[in-house]
Amino acid sequence: MRYIKLPSENFGKFFKSLEAWGSVYAPVKRGGIYSFQEVHDPAEIALDYNRTMLPPKKFFFRPKEAILRLKNGHWEENLEAEPTVLFGLHSCDIHGLKILDRVYLDEPADPYYKSRREKTLIIGISCMPDEYCFCKSLGTHFAMDGFDLFLHELPDGWLVRIGSVRGHEIVWENGELFEEVTDEDLANFKEFEEKRAKAFQKEVPQEGLADMLDLAYNSPVWKKYAEICLACGNCNLVCPTCRCYEVCDRWMDAYSSVRERRYDSCFMENHGLVAGNYNFRPTRLDRFRHRYYCKSYFDPSSGYNCVGCGRCDEFCPAKIEHVKVLEEVRGSLK
Amino acid sequence: MSENPYQTYDARILEVKDLTSREKLFTLRFLDPEVEAKFDFRPGQFVIVDIRGFGEFPISICSSPTRRGYLQLCIRKVGRMTKFVHKMKEGDVVGIRGPYGNGFPMEKMEGSNLILVAGGLGMAPLRSVLWYAIDTGKYENVWLLYGTKAYEDILFRDEIIHLLKHGEAMNCSVKLAYEVESPSCIYLEQGFSDRVCRGVVTDLFRGEEFDVNRAYALICGPPVMYKFVIKELLDRKLSPGRIYMTLERRMRCGVGKCGHCVVGTSVSMKYICQDGPVFTYWDALSTRGLI
Ligand SMILES: Cc1cc2nc3c(=O)[nH]c(=O)nc-3n(C[C@H](O)[C@H](O)[C@H](O)COP(=O)(O)OP(=O)(O)OC[C@H]3O[C@@H](n4cnc5c(N)ncnc54)[C@H](O)[C@@H]3O)c2cc1C
Ligand code: SF4
Ligand code: SF4
Ligand code: FES
C-alpha cells in the first residue's frame, strides 16, 4: 500500500479533478436521510454522514432495469455503463460490494454488473460509528482492498491509502495536490482509529455463531419476531449484500418488449413459490428465519453475508434489531 | 456465442407430441449449427426455456446426450407460461439457454446397478438417465420403479410398455405402480403381474433386494415422495452417498445470481441451480430445507 497526504486546502481541487474520470456521486443529505447523488460542488457532500438508505449496490445492481430488449424477435443486450466515481464509501459498504462481486462476477459473470463495476472508481472515506453500527465485530470496519483510494480524516486533511493502479494514476496526474505523510500524520491516523474502535456500541458475538443459529432452528425467538415483522422487505432493499431479483417481460408496444429485472425480497410470499402453488417457505416464520440464516451464512472466501452497516435496524418500521435477534436466538439455546 | 448468460438461442420445435392430457413432449433443435454443435449436456441437467416477451422457466432435459441432434423437453401445463408453450406448434421457435446444473455423475456410477425411482413428472429427467444407460451399456442393471396416478398419466407410455416387454434384453427392468384403477391398468397388471401393481412407488420395493455396495439410487418426484423413498433405501442399508435426488425450486436465472433457489441455514447454503439440482442424501443431511 502507498500512503500519501491530501491537505484540507486541496480537497476542493482534488474533488474537481475526479470529474475527469466520470460522473461523481457522493453522499448528500436530503430531508432526514442520506443518499448517493451526483455532486458538482464539494460543499454539497455530507462528509460526516452515517449511512445512506440505499447502499452503493444501486449503482451496479439497479433497483429496476431492462436487461434485454426484444427487436425483430431477438433479444438485444442493453449494456450501457457510464464512467462513474463513487466518492465517500464507508468500509462496510466496500466490503458489501466485495460480497456482491463474489456472486455477480463469479462465472458466468453478470455482464451488467461487471461492466459498471469496471467503469467505476471507488473512493472510501473514514467514519465514526453510530448506535446502529456493528461492523467491527464482523471485521468489516476496515477495508484492506476493494477501493481505488481511501481517505482517512486527519485534523488538517486526509491520509490517503492507494489501493489500485487507477488510484495511483489519479494521484500521479494530480501530484501537486498531495504531500508526503509525516510522523505527525501517522500519529493522528493512529489516534483516530483507536478512538473509532472504542466508539462501537454494538457487536455480534461470533464464537460458533453459524452453528448456534442452526442448532436453534426451532427456537421460539424466531416465532416471536416473525409475529412482529411486517414482512415489508425494507431490510432486504437497504441491505448492501441482499441481491435477489425477480424478472418479468413487459411489452412496450405491439412489436417490442423488454425483459426487466428488479429487486426481490425473500419476505415476499412468492419468493419460494413454484408450480401448483407449492411454496417451499410458506409461512412468515420460514421467511423471517431464512433471511437471518442467509445473512449469517459464513463463506470461507468472503465471510458473513452481513457487513454490520446497521441499515436494516435503522429502516425497519417494526424496530427489529438484527443483533438483538441473533443474540436472543443464540441465548434461547441454553 | 454471446458472453451474456441471459441471452437465449433460437431453437425450432421439430415435433410436438401429446404424452398425457397435461404433458407434451417437445423435440427441439437449435437453428444455429454452431450452437447445436457446442450444446452438450449430462442427464439431470436442465435448460431455461424462453418465450420471448412472456418469460422464462426451467425444464429438465428428458432426452439423452447419447442421441444427438435434438433436445427433448417434457412440459406439464400448470400455469401462464407452460400454457403458452402448449399452444405452440411444429415449426415455432423458442429461446433456450443452458444446460444448467450439475446433472447425475454418470461416469462415477459406471459398472454399477442403477435404481431409478420416479414419481409422476419425475420420470422426465430420469428418462435421460434411462436412455443414457441403455445406449452406453456401461451399467450392469437398471431398475426403473415408476409411480403414477393412473394409466392415462404414464409418461412415455409406449416406451415404458416396450421396456416392460423387452427390457430384459437391455438389462433393464421396469416396475410400475398406479393409484387409480382402470381397465387398461388391469390389463397391464395381468400381462406383467410381477411388475405392475396398484399402489404407490414405495410398494415397488417390496421383495426387491439389491447389492447395496454395487447400486446407486436416483430419485425424482414430487416433494412428498422423497422422505418415503429414502426410508426404503436406507432400510436396505444403501449408503446416503449412493442416493441421488434431483430437486426443484423456483428459478429465475439458473446461474446462481437471482437468489430464488437458495436453501439452507447459516452453516450450509446451497443454490439448487448451480450446486444441484442433483444432490446426495448426505447433502440433505447437512443442508436444512433441501428436501
Ligand atoms: C430444475 C427444474 C426442472 C424442471 N423440470 C421440469 C420438467 O421437466 N417438466 C415440467 O413440466 N416442469 C419442470 N419444472 C417446473 C417448471 O419450471 C414449472 O412448471 C414452470 O416454471 C411453471 O411455469 P408457469 O408460468 O406455467 O406456471 P406459473 O404457476 O404461472 O408460474 C409463475 C412463475 O413462477 C415460476 N415457477 C413456477 N413454478 C416453478 C417451478 N416449479 N420451478 C421454477 N420456477 C417456477 C415460473 O418462472 C413462472 O414464471 C422444473 C423446474 C425446475 C426448477
Ligand atoms: S443485514 Fe443489516 S446490518 Fe447486515 S449488511 Fe444487511 S442491512 Fe447491514
Ligand atoms: S424491515 Fe423489519 S418489518 Fe420489514 S421485513 Fe424487514 S424485519 Fe420485517
Ligand atoms: S435460479 Fe437464480 S440463483 Fe438459482
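The text that follows walks through the structure, step by step, so that each part is easy to find. From a predicted model like this one, the values you see are computed outputs, not experimental measurements.

**Quick look at the packing of helix α3 (residues 123-136) of chain B against helix α4 (residues 157-166) of chain B**
Residue and element names in this part refer to chain B.
Item 1. Where α3 meets α4, the axes come as close as 13 Å, and the angle between the chain directions of the two elements is 45 degrees. Classified by the angle between their axes, α3 and α4 sit oblique to one another. Between α3 and α4 lies a crossing of left-handed hand. Residues Met123, Arg127, Leu130, Trp131 and Ile134 of α3 pack against Glu159, Ile160 and Leu163 of α4.
Item 2. Residue composition of the contact of α3 with α4, grouped by class: six nonpolar, no polar and two charged.

**Examining the site of ligand 3**
Item 1. In the region of ligand 3, the neighbouring residues are Cys229, Leu230, Ala231, Cys232, Gly233, Asn234, Cys235, Phe267, Cys316, Pro317, Ala318 and Ile320 of chain A.
Item 2. Taken together, the residues of the shell around ligand 3 sort by class into ten nonpolar, two polar and no charged.

**A closer look at the sheet that holds strand β1 (residues 2-7) of chain A**
In any sheet, the strands associate via hydrogen bonds between backbone groups, in a parallel or an antiparallel arrangement.
All names here are of chain A.
Item 1. Pairing within the open sheet is mixed, and its seven strands lie in the order β1-β9-β8-β7-β6-β2-β3. Lying at the two open borders of the sheet, with one neighbouring strand each, are β1 and β3 (33-38). The sheet shows a mean angle of 25 degrees between the axes of neighbouring strands, direction not considered.
Item 2. As judged from the six bridges shared by strand β2 (residues 23-30) and β3, these two strands associate in the antiparallel manner. When the bridges of β3 are listed, Pro27 appears paired with Phe36.

**Concerning the side chain of Ser128 of chain B**
Residue and element names in this part refer to chain B.
Item 1. Its place among the elements puts Ser128 in helix α3.
Item 2. Relative accessible area serves as the criterion here: at 0%, Ser128 is assigned to the buried category.
Item 3. Every residue in contact with Ser128, bar those within four places of it in the chain, is listed here: Phe41, Pro43, Gly44, Ile61, Cys62, Ser63, Ser64 and Pro65.

**Considerations on the packing of aromatic side chains**
Item 1. Throughout the structure, instances matching the rule amount to 32 aromatic pairs over all chains.
Item 2. On the basis of an interplanar angle of 70 degrees and a centroid distance of 4.9 Å, the ring pair of Phe298 of chain A and Tyr304 of chain A is categorised as edge-to-face.
Item 3. Note on Tyr216 of chain B and Tyr244 of chain B: the rings are 6.2 Å apart at their centroids and 35 degrees apart in plane angle, and the pair reads as tilted. Residue Tyr216 of chain B is found in strand β11 (residues 215-220), and its partner Tyr244 of chain B is found in strand β12 (residues 243-246); the two are separated by 28 residues along the sequence.
Item 4. A relative accessible area of 6% means that Tyr244 of chain B is categorised as buried.
Item 5. Among the aromatic side chains, those forming a connected cluster through ring pairs are Tyr217, Trp222, Tyr225, Phe267, Phe288, Tyr292 and Tyr293 of chain A.
Item 6. Over the face of the ring belonging to Tyr292 of chain A we find Arg291 of chain A, whose NZ or CZ atom lies 5.6 Å from the ring centre.
Item 7. Residue placement shows Arg242 of chain B over the ring face of Tyr216 of chain B; its charged tip is 4.5 Å from the ring centre.

**Things to note about the site of ligand 1**
Item 1. Within the structure, ligand 1 sits among 23 residues, and Ala275 of chain A together with Pro58, Thr82, Glu248 and Arg252 of chain B are positioned closest to it.
Item 2. The residues that come close to ligand 1 belong to more than one chain, namely chains A and B.
Item 3. A distance of 3.2 Å separates an oxygen atom of ligand 1 from a polar atom in the backbone of Gly79 of chain B.
Item 4. Ranked by residues supplied to the shell around ligand 1, first place goes to strand β4 (residues 55-60) of chain B with five residues.
Item 5. Taken together, the residues of the shell around ligand 1 break down into 13 nonpolar, three polar and seven charged.

**Focus: helix α11 (residues 322-331) of chain A**
Residue and element names in this part refer to chain A.
Item 1. Regarding α11, the residues found buried are His322, Val323, Val325, Leu326, Val329 and Arg330. In an axial view of α11, the angular spread of the buried residues amounts to 160 degrees, which keeps them on one side of the axis.
Item 2. Looking at the buried positions of α11, the neighbouring elements they touch are α6 (209-215), α7 (220-228), α9 (284-295) and α10 (311-314).

**Re the sheet that holds strand β10 (residues 245-251) of chain A**
Residues and elements named next belong to chain A.
Item 1. Pairing is antiparallel in the open sheet, where four strands are placed in the order β5-β4-β11-β10. Across the chains shown, the open sheet's two edge strands, defined by having one partner strand only, are β5 (74-77) and β10. Averaged over all neighbouring strand pairs, the angle between strand axes comes to 30 degrees, with direction disregarded.
Item 2. Bridge analysis of β10 against strand β11 (residues 257-263) gives seven bridges, and the strand direction is antiparallel. Note that in β11 the partner of Trp251 across the bridge is Ser257.

Definitions and cut-offs
Residues numbered from 1 in each chain as written. Chains lettered and ligands numbered in written order. Predicted model: local features only at pLDDT ≥ 70, side-chain atom pairs only at ≥ 80, totals over all residues. Heavy atoms only, no water. Axes fitted to C-alpha atoms, helices over the stretch in contact; angles between N-to-C directions. Helix = DSSP H or I, 4+ residues; strand = E, 2+ residues; numbered from the N terminus. Parallel < 35°, antiparallel > 145°, perpendicular 65-115°, else oblique. Left-handed = near helix turned anticlockwise from the far one by under 90°. Contact = heavy atoms within 4.5 Å. Nonpolar A, V, L, I, M, F, W, Y, C, P; charged D, E, K, R; others polar. Near = heavy atom within 4 Å. Pairing = 2+ DSSP bridges. Buried < 20%, exposed > 50% of the residue type's maximum accessible area, 1.4 Å probe, protein only. Phe/Tyr/Trp six-rings, centres within 6.5 Å; stacked < 30°, edge-to-face > 60°. Lys NZ or Arg CZ within 6 Å of the ring centre and 35° of its normal. Polar contact = N/O pair within 3.5 Å; in protein donor to acceptor, adjacent residues only side chain to side chain. Arc of directions from axis to C-beta.

So, to be careful, I would describe these as geometric facts and stop short of saying anything about function.
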